[in-house]
Amino acid sequence: MMTLQLPWLVFAFILILSTPLLNSKDPDDGRDMVDITINKGFPIEEHYITTEDGYILGTFRIPYGRNESINALNSGKPVVLLMHGLLDSSYTWVNNFANESLAFILADHGYDVWLGNNRGNTFSKRHQWLHTDTEAFWNFSFDQMARYDSPDTIEYILQFTHQSQLAYVGHSEGTIQMFAMPTVRPDVLSKLAFFGALAPVAYVYHQKSPVLELLALFDVGDIYELLGRKQFLPGVYVLHHIAPDLCNAVPQGCDEFLWVVCGPSKDINASRIQVYVSQTPADTSVRNMIHWSQGVKHDTFEMFDYETKEENEAHYGPDYAQPPQYNLSAVALNVGLYSGTTDWLADPEDVEKLRKELPVNATKQDVTVQGFDHLDFVWGMHAANYVYNEPNLLTQIRKYLGPGKYVPPSARKSATASVV
C-alpha cells in the first residue's frame, strides 16, 4: 500500500522559506515543557499515567505558584486539570508569558494545576505492550480519549492529591472528549466540580477548516490508502526543528499556515509563533482525524463510523448499523462555555446546537468573545482578560471548586523539576 511518508505540513513550511535573513530569536524558542515552566519561575513535575487499555500518558503538574515555596507542595490545594486541543499538547497552556498562560495564572491563584496529554501526542507515545510503529498503537480516536484518557487521568490525579473533586478545563478536542465521556463513563461525573469548555466542540458540521473539509471528501478506506493507518504526522519531530526558524523568517507565512488548520486570528502575538510551532502540532492518529472529518460529513455527534453495516455491528453490536450517538443530555455538570465569533473549528452554529442539547441549567456561564478564533483561547494575547480572569473562568472555578489556597513561603527557593 502506498502511503504519504512525509506529512503535508512539512511541505507547507518548506514552501514559505523565502528569505535567509532571520529576525531576532525569541528566548523561549527551543524551551520544552519543563524548561519554559522553570524559566517563568514555576515548579513542575512529570507523571506517567497508564490507562486501562495500556497507553502511558505523560502528564505534568505545576503544584504551586511563583510566590510560594516547596512547603506549598501537597498542601491540599484545590485541583484543576487542563486538557489540550486537536493536534496539540500540554505545552499550549504554558507557551505564553506568566500573566497570559492559563496554567501559570491558575498556579498563582493558589490552584494545584495538572496538564494532561492525550494518547499519541508528543508526550504520550508509549504503551505497555504495543510499539508506536504498529497500526495497533494508532488505532484510536477521541472515542478512546473519552473512555480512557480523561477518566483515568482524573482518577490518578484525585488519588495522588487526596481530593474528591477537581475542575476540568478543556480546549477544542479537550472539550469533545469531555462532552462524550458521560455517555460511556457516567461514574466519573461526581468527581468533576466544574467543566470549562474553551472553543467548545461536539458538532463540526459547519466548521470551515480546509484540512477537515478535504478529509471529509474521502471515504475511510481511501484515507487509509492515502495516509496509512498510523500517525497523522510522521515527520512531526523534523517539523519542530525547522518550523521555528521558518516562522521567525516569515511570520506572515506561518500565520497563513495556521489559518488553514484553525482559521484566522487577530489576537496571536506574531513574534511568538516561532515558540508555538517549536512544540506544535503534537500529532495524533489518522483515525482520529477521520473521526473529526466524519462530523463534517454528517451533522451528528457520534462514535467512529466504520461506514459499513457489518463493521459497525461487529464493533458496537447487532443493533448498531450506524454508530451510537453521544448523549449531550447526560452531561450533568456545571459547565462554562467560552466561544468565539470567528472560530472556524467551533463554529457559532455548531456551538449553538451544542448549547441547546446540554441539560437545562447545566450551563452556568456562557461567554462569547467577539473576534476570537480557535487558537485565541490558548495562545491569544487577550485570553486572560476576555476569558480566564474575573468575572469569567476563574470566578466559576472558585464558585464550584473553591478558592485557591496560598501557602506563605518559609523561605523562597528556586523553581524545580521532578519526575514521579
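Residues numbered from 1 in each chain as written. Predicted model: local features only at pLDDT ≥ 70, side-chain atom pairs only at ≥ 80, totals over all residues. Heavy atoms only, no water.

Let us look at the overall build of the protein. Looking only at helices and strands, the protein features 16 helices and 10 strands. For the protein, the residues scored as buried account for 60% of the 420 residues in total. Taking the intrachain contacts of the protein between residues at least 6 apart in sequence as the baseline, contacts between residues at least 24 apart amount to 80%. Accessible area of the protein: about 16,300 Å², with a carbon and sulfur share of 54%. (Helix = DSSP H or I, 4+ residues; strand = E, 2+ residues; numbered from the N terminus. Buried < 20%, exposed > 50% of the residue type's maximum accessible area, 1.4 Å probe, protein only. Contact = heavy atoms within 4.5 Å. Areas by Shrake-Rupley, 256 points an atom, 1.4 Å probe, with all protein chains shown as cover.)

Scanning all chains against the criterion turns up 20 aromatic pairs. Aromatic side chains tryptophan 114 and phenylalanine 160 sit 5.7 Å apart centroid to centroid with 75 degrees between the ring planes, which places their arrangement in the edge-to-face category. Linking tryptophan 114 in strand β4 (residues 112-116) with phenylalanine 160 in helix α4 (residues 142-161), this pair joins segments that are 46 residues apart in sequence. By relative accessible area, tryptophan 114 is classed as buried at 0%. Seen from their ring centres, phenylalanine 304 and tyrosine 306 are 5.0 Å apart, and the 75 degrees between their planes marks the pair as edge-to-face. Here phenylalanine 304 and tyrosine 306 have matching classes, each one buried. In this structure, arginine 287 packs its charged tip against the face of phenylalanine 304, placed 4.3 Å from the ring centre. (Phe/Tyr/Trp six-rings, centres within 6.5 Å; stacked < 30°, edge-to-face > 60°. Lys NZ or Arg CZ within 6 Å of the ring centre and 35° of its normal.)

Within the secondary structure, aspartate 53 sits in the loop between β1 (44-50) and β2 (55-62). Assessed through its relative accessible area of 18%, aspartate 53 is described here as buried. Looking at aspartate 53, its side chain comes within polar contact range of the side chain of threonine 51, at 2.6 Å. A polar contact of 2.7 Å, which involves the side chain of aspartate 53, links it to the side chain of arginine 119. (Polar contact = N/O pair within 3.5 Å; in protein donor to acceptor, adjacent residues only side chain to side chain.)

The angle between the axes and the distance between the axes are what describe a pair of packed helices. Taken N-terminus to C-terminus, the directions of helix α7 (residues 220-227) and helix α11 (residues 286-297) make an angle of 145 degrees; their axes are 11 Å apart at the nearest point. Both α7 and α11 take part in a crossing whose hand is right-handed. Here α7 contributes Val220, Ile223, Tyr224 and Leu227 to the contact with α11, which in turn contributes Val286, Arg287, Ile290 and Gln294. (Axes fitted to C-alpha atoms, helices over the stretch in contact; angles between N-to-C directions. Left-handed = near helix turned anticlockwise from the far one by under 90°.)

A separate point is helix α5 (residues 173-184). The terminal C-alpha atoms of α5, which comprises 12 residues, lie 17 Å apart, in line with the 16 Å expected from a rise of 1.5 Å per residue. Counting buried residues along α5, 11 of its 12 residues qualify, which places the element largely inside the surrounding structure. Where α5 is concerned, the buried positions are Glu173, Gly174, Thr175, Ile176, Gln177, Met178, Phe179, Ala180, Met181, Pro182 and Val184. (Expected span 1.5 Å × (residues − 1).)

Time to look at the confidence of the model for the protein. Overall, the prediction assigns the protein a mean pLDDT of 88, with 85% of residues at 70 or greater. Per-residue pLDDT stays below 50 along residues 1-22; that stretch engages in 48 contacts with residues further than four places along the chain or on separate chains. (pLDDT = per-residue confidence, 0-100.)

A few words on a nonpolar patch on the surface. Where nonpolar side chains cluster on the molecular surface, the patch consists of Leu214, Leu217 and Phe218 and spans about 310 Å² of accessible area. Within the secondary structure, leucine 214 is located in helix α6 (residues 210-215). (Patch = residues over 30% accessible without salt bridge, like charges linked within 9 Å, V, L, I, M, F, W, Y side chains within 5 Å. Salt bridge = Lys/Arg side-chain N within 4 Å of Asp/Glu carboxyl O.)

Take the pattern of salt bridges next. With the rule as written, the count across this model stands at 22 salt bridges. The closest approach of N and O atoms between lysine 125 and aspartate 283, which form a salt bridge, is 3.6 Å. On the criterion of sequence distance, the pair formed by lysine 125 in the loop between β4 and β5 (126-127) and aspartate 283 in the loop between α10 (273-276) and α11 is long-range, its members being 158 residues apart. With relative accessibility at 2%, the residue aspartate 283 sits in the buried group. Between arginine 355 and glutamate 352 there is a salt bridge, with the nearest N and O atoms lying 2.4 Å from each other. You can see arginine 355 and its partner glutamate 352 sitting in helix α13 (residues 348-357), 3 residues apart, about one turn around the helix. For arginine 355, a relative accessible area of 23% gives the class partly exposed. Among the charged side chains, a network of salt bridges with common partners joins Asp26, Asp28, Arg31, Lys40 and Arg272.

Glutamate 390 connects to proline 391 through a cis peptide bond whose omega is 10 degrees. When you line up the elements, proline 391 lands in the loop between α15 (383-388) and α16 (393-400). We note that asparagine 361 has phi near 75 degrees; this positive angle belongs to a residue other than glycine. Along the chain, asparagine 361 turns up in the loop between α13 and β9 (363-369). For asparagine 361, a relative accessible area of 60% puts it in the exposed group.

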